[in-house]
Amino acid sequence: QAIKKVLYGTALLTPAIQKIATALLRGEVPGTWSKKWDGPEDPNAWLAAVMQKKRALGTWLSRVSSGSILKGRLDLSEVFRPGTFVNALRQQTSRKLGCSMDMLQLLTSWDEADMKGCALHATIEGLSLQGAGFQGSKLVESAPNAPEFTPAPAMHVAFIEKKKGRD
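The paragraphs below set out a description of the structure included in this document.

How each quantity is defined
Residues numbered from 1 in each chain as written. Predicted model: local features only at pLDDT ≥ 70, side-chain atom pairs only at ≥ 80, totals over all residues. Heavy atoms only, no water. Salt bridge = Lys/Arg side-chain N within 4 Å of Asp/Glu carboxyl O. Buried < 20%, exposed > 50% of the residue type's maximum accessible area, 1.4 Å probe, protein only. Core = buried A, V, L, I, M, F, W, Y, C linked by side-chain atoms within 4.5 Å. Helix = DSSP H or I, 4+ residues; strand = E, 2+ residues; numbered from the N terminus. Contact = heavy atoms within 4.5 Å.

1. As for the pattern of salt bridges
This structure, assessed with the given rule, holds 2 salt bridges. R26 serves as the salt-bridge partner of E28, at 3.2 Å between the closest nitrogen and oxygen. With a relative accessible area of 36%, E28 lands in the partly exposed category.

Structure representation (structure tokens):
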């Protein structure tokens, strides 16, 4: 928007705006943008990914507002910082169980039945496997001529209390 204002004569060119414009003209993602989110290296792809995530976050926001964020599948590629979501799940589980976050360990499973008894759990989709795939419910090594990445089934994640004497 700052570049647009300069082009329309409604703002002055500052060194910061010039630096961003120069990077874009070179076909590079400006450093100040990369600091906010480490996306694709091509500026057009970076902007497209930001817009895609912005649209998806609207859906996430409505699910949070209605209290249904954990009721359906979540695609962590739709958020800027997936680790923040996982950490929030850990924090909410800690609050629900009344224990410290340090007393929790991550539980993952391909089978939702393994999540029974968990205070909270999320179902994550859009993951990929490298060098392996599923044959039925078995994880098998990929054939030499298979694609490097294969789609993974939805994965279920939760945090549970650590067992005494086990870290």
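Having seen the model, we can carry on.
2. Structural notes on the nonpolar core
Counting 15 residues, the largest nonpolar core has W60, L74, L76, F85, L89, A122 and V157 as the members making the most contacts within it. Counting only elements with at least two residues in this core, the list comes to α5 (82-97), β3 (121-125) and β8 (155-161). When residues in this core are grouped by element, the largest group, 3 residues, is from β8. Dropping the residues within four chain positions of it, A122 is found in contact with L70, L74, F85, L89, M155, H156 and V157. The next biggest cluster of nonpolar side chains, apart from the first, holds 6 residues, and it includes V29, W33, W37 and V50.

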